[in-house]
Amino acid sequence: MAVFTDVPNKIAFEGPRSKNPLSFRHYDANEVVEGKTMADHLRFSVAYWHTFRGTGSDPFGPGTAVRPWEGPVDNVENAVNRVKVAFEFMEKLGAGYYCFHDRDVAPEGKTLAESHKNLDAVVKALKDEQQRTGIKLLWGTANLFSNPRYMHGAATSCNADTFAYAAAQVKKAIEVTQELGGENYVFWGGREGYQNLFNTNMKREIDHLGRFMHMAVEYAKEIGFKGQFLFEPKPKEPTKHQYDFDAAACIAFLRAYGLEKHVKLNIETNHATLAGHTMMHELEYAGMQGFLGSIDANTGDLLLGWDTDQFPTDIYLTTQCMLVILKYGGLAPGGVNFDAKVRRESFEPVDLFHAHIGGMDAFARGLKIAAAIRADGQLDKIVQERYSSFDSGVGAEIESGKATFKSLEKYMLDKGEITPNKSGRQEMIENLINTYL
Ligand code: XLS
Ligand code: NI
Ligand code: NI
């Protein structure tokens, strides 16, 4: 049963002057930028949870979304039917990848064994559709936050049985990710944090999280799962404080627990802004430390204080993202996953197309603009010049480790005063960036 009958079989690239809202104006999958196709740079992925399971509910009311593929009961038969709808959507859109949590694709059973069985049945359907369409799994993950058993968290729960249940669930999720050829596996903390420090043993909880991730790494090795593990920073929501606060906190955690060789980061825009950072900051921080793995592309509403998960349409934002991503050599085996949902008022199925088309076009423009900035080289030159005092003389001695406090004191006593500072030229640089937009 085809669902998106009012949408053409393929969303086509029609160029910037197109008046057709169901076309790409900028995303041309085969266009080559810096020696690679746009499709290979961007590796767009659809988030199963938002796009096929999102209802538009919010704390003030139930869902509004019209989703003809959601039957009255959530059973395996319906889940398998939904798989066909999902692949119809992704095929028409021309996204090469998708991502899911175990519980997005298959209903939870009454027992763990039943849940495993449900998942296996749906994974079979996913595999068939992957083979039919060539669409691939960017990453899999486990939902360790919706079921009431995870009220205190999963790997950081105060209840050892909850830890055990989460471990069993992640074991299975890694297995199905491997079965589907998933290129990555994501840990997002869900409820791994605290509401109140008076009842929390933070040291024990974070130690448990470290142990949990080691078990995952060990199991992956045991079964030969070659995908990249990713850790997704988020500072708060639903908890007051999440242990995976931001890129810096996640990297410190991975290093402290000896996981730095096995896990990279999945950086999400709205999580960056919740942490009081920009997405560019988070990408740069992860990139400079060698931890840039993948991104969850969305955006928040800066007037609202929560994870609104909107589709990214701001070209300034996508330009900043692509500048940093190109600088660090791209995202593969990661990609650009739209961890984003349509607004509650955009309740029709076709709105899902408008949303993804907008996000893909915004990233295509960001990619082209970033490539133009890099080709022009002015920005690079400004930054290089800004630090040029470290290229030779005393600066080079500082960087190479040759200089000491003693040698620098002698140098300054001889010299007397510093070489005059130069302007940071921030406004001029901001004007320069605008000339490429
Ligand atoms: C929630 C997270 C979540 C992860 C996957 O805020 O972004 O969707 O990406 O568990
Ligand atoms: Ni996310
Ligand atoms: Ni999020």
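Here we summarise the structure given alongside this text. (Residues numbered from 1 in each chain as written. Chains lettered and ligands numbered in written order. Predicted model: local features only at pLDDT ≥ 70, side-chain atom pairs only at ≥ 80, totals over all residues. Heavy atoms only, no water.)

Within the protein, the nickel ion (ligand 3) binds to E268 (OE), H271 (NE2) and D307 (OD); these donor distances fall in the range 2.1 to 2.4 Å. Binding-site remark: the nickel ion (ligand 3) is held by donors from one chain whose sequence spacing is E-x2-H-x35-D. The nickel ion (ligand 2) is placed at 3.9 Å from the nickel ion (ligand 3), the two being bridged by E268. (Donors = N, O, S within 2.8 Å, 3.2 Å for Na, K, Ca; no water.)

A separate point is the coordination of the nickel ion (ligand 2). Around the nickel ion (ligand 2), the protein supplies E232 (OE), E268 (OE), D296 (OD) and D339 (OD) as donor atoms, at distances of 2.0 to 2.1 Å. Seen from the nickel ion (ligand 2), its six donor atoms lie at angles of 82 to 174 degrees, and the figure they make is octahedral. Considered as a linear motif, the donors of the nickel ion (ligand 2) on their single chain read E-x35-E-x27-D-x42-D. (Tetrahedral: all angles 85-135°; square planar, octahedral: opposite > 155°, others 65-115°.)

All right, on to the site of ligand 1 then. Lining the immediate surroundings of ligand 1 are W49, H101, W139, W188, E232, K234, E268, H271, D296, D307 and D339. Here an oxygen atom of ligand 1 and a side-chain polar atom of E232 are 2.7 Å apart. D339 is positioned with one of its side-chain polar atoms (N or O) 2.7 Å from an oxygen atom of ligand 1. Relative to its unbound accessible area of 290 Å², ligand 1 is 93% covered by the protein chains. (Near = heavy atom within 4 Å. Polar contact = N/O pair within 3.5 Å; in protein donor to acceptor, adjacent residues only side chain to side chain. Areas by Shrake-Rupley, 256 points an atom, 1.4 Å probe, with all protein chains shown as cover.)

The buried fraction of strand β8 (residues 184–188) is high, at five of five residues. Of the two faces of β8, the one lined by N184, V186 and W188 and the one lined by Y185 and F187 are each fully buried. Relative to β8, strand β7 (residues 136–141) runs parallel, the two sharing two bridges. Counted as the bridge partner of W139 is N184 from β8. (Buried < 20%, exposed > 50% of the residue type's maximum accessible area, 1.4 Å probe, protein only. Helix = DSSP H or I, 4+ residues; strand = E, 2+ residues; numbered from the N terminus. Pairing = 2+ DSSP bridges.)

Glancing now at unusual backbone geometry. Of the consecutive residues E237 and P238, the connecting peptide bond is found in the cis state with omega at 10 degrees. The residue P238 is located in the loop between β10 (228–232) and β11 (241–242) in this model. With an omega of 5 degrees, the peptide bond running from A332 to P333 counts as cis. Tracing the chain through its elements places P333 in the loop between α11 (315–327) and β14 (336–338). If you check the backbone angles, R43 has positive phi at about 45 degrees while not being a glycine. Secondary-structure assignment places R43 in the loop between α1 (38–42) and β5 (44–47). A relative accessible area of 11% places R43 in the buried class. At R425, a position not held by glycine, the phi torsion is positive, near 55 degrees. Mapped onto the secondary structure, R425 falls in the loop between α15 (405–415) and α16 (426–436). With relative accessibility at 46%, the residue R425 sits in the partly exposed group.

Tallying each qualifying case throughout the model produces 24 salt bridges. Residues R53 and D74 are paired through a salt bridge, measuring 3.7 Å at the closest nitrogen-oxygen approach. In this pair, R53 is assigned in helix α2 (residues 48–53) and D74 in the loop between α2 and α3 (76–93), connecting sequence segments 21 residues apart. Within the structure, one salt-bridge network assembled from shared partners comprises R53, E70, D74 and R82. (Salt bridge = Lys/Arg side-chain N within 4 Å of Asp/Glu carboxyl O.)

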